[in-house]
Amino acid sequence: MSKRVKQDISIGGNLRDLRMDVGLSQGQAADKLRKMGLTISREMLSQMERGVYNVRVSILLAMKELYNVTSFDDFFAGLTLDDLPQEEE
């Protein structure tokens with residue numbers, strides 16, 4: 001039985017911005033990621049960018065190459081612990 005991990009802070013907006021910076025549509029990016037040997041669809045990529053689907057490390061490694069990212073810090077740019085959702089008491 002698999003357990004779903006809930007995201008606390010989404011990097012989805014940064015993923016979208018990095019993809020758009022290299023001029024790829026979601027479909028084009030998903031196609032290129034599949035050619036790199038990853039199992040991903042345009043819909044999965046869309047969900048990652050919306051923060052509703054967890055990003056696998058293998059996907060991040062491939063995106064780093066595909067999006068010409070020099071540092072993994074680019075995936076987390078602008079994010080702080082202040083972005084954590086407030087817990088209900």
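Since the model is a prediction, treat every value here as computed from it, not as a measurement.

Trainee: Help me understand the pattern of salt bridges, please; the structure alone is not making it clear to me.
Mentor: Side chains carrying opposite charge are able to pair once their charged atoms draw close together. This model, assessed by the stated rule, comprises five salt bridges. Among the salt bridges present, the one from R34 reaches D31, with a minimum N-O distance of 2.1 Å. One end of the pair, R34, and the other, D31, are both in helix α2 (residues 26–35), three residues apart, so they sit about a helical turn from each other. We note a salt bridge from R50 to E43, for which the minimum N-O separation is 3.3 Å. Among the residues examined, R50 registers a relative accessible area of 52% and is labelled exposed. Owing to a relative accessible area of 36%, E43 belongs among the partly exposed residues under this scheme. It is possible to trace a salt-bridge network through shared partners that takes in R42, E43 and R50.

Trainee: What is the right way to look at the environment of I40 in this model?
Mentor: Here I40 shows up in the loop between α2 and α3 (42–50). In the structure, I40 is positioned 10 residues away from A30 in sequence and 6.1 Å away in space, judged by C-alpha atoms.

Trainee: What exactly am I supposed to notice about the nonpolar core here?
Mentor: In summary, soluble globular proteins display a tendency toward joint burial of nonpolar side chains. Membership of the largest hydrophobic core comes to 19 residues, with the highest contact counts inside it found for M63, Y67 and F75. Discounting residues that sit within four places of it in the chain, Y67 has contacts with L15, L18, R19, V22, L24, A29 and L45.

Trainee: What am I meant to see in the environment of Q86 here?
Mentor: Mapping Q86 onto the fold places it in the segment after α4 (57–66). Judged by its relative accessible area of 71%, Q86 falls in the exposed class. For the pair Q86 and D8, spaced 78 residues apart in the sequence, the C-alpha separation amounts to 9.9 Å.

Trainee: Just to check I follow, could you spell out α2 for this structure?
Mentor: Since the α-helix advances by 3.6 residues per turn, residues separated by three or four positions end up pointing in the same direction. Among the residues of α2, Q26, A29, A30 and L33 are the ones counted as buried. In an axial view of α2, the angular spread of the buried residues amounts to 100°, which keeps them on one side of the axis. Looking at the packing, one finds that the buried side of α2 touches α1 (12–21), α3 and α4. Looking one or two residues past α2, G37 carries a phi angle of roughly 100°, positive in sign.

What counts as what
Residue positions are counted from 1 within each chain, in the order its sequence is given. Given that the model is predicted, a residue must reach a pLDDT of at least 70 before its local features are reported, and side-chain atom pairs must reach 80 or more before they are shown or counted; all residues, however, enter totals for whole chains, interfaces and linings. Computation of side-chain values: all heavy atoms of the structure, hydrogens and water removed. Here a salt bridge means any side-chain nitrogen of Lys or Arg lying within 4 Å of a carboxyl oxygen belonging to Asp or Glu. Each helix is a run of DSSP H or I of at least 4 residues and each strand a run of E of at least 2, with the numbering of both proceeding from the N terminus. Classification of residues uses two cut-offs on accessible area relative to the type maximum, computed with a 1.4 Å probe and protein chains only: under 20% is buried, over 50% is exposed, and between them is partly exposed. Among buried residues, the Ala, Val, Leu, Ile, Met, Phe, Trp, Tyr and Cys ones that are joined through side-chain atoms within 4.5 Å form a nonpolar core. Throughout, a contact is declared for two residues whenever any of their heavy atoms are within 4.5 Å. Summarising the geometry, the arc corresponds to the directions from the helix axis toward the C-beta atoms.

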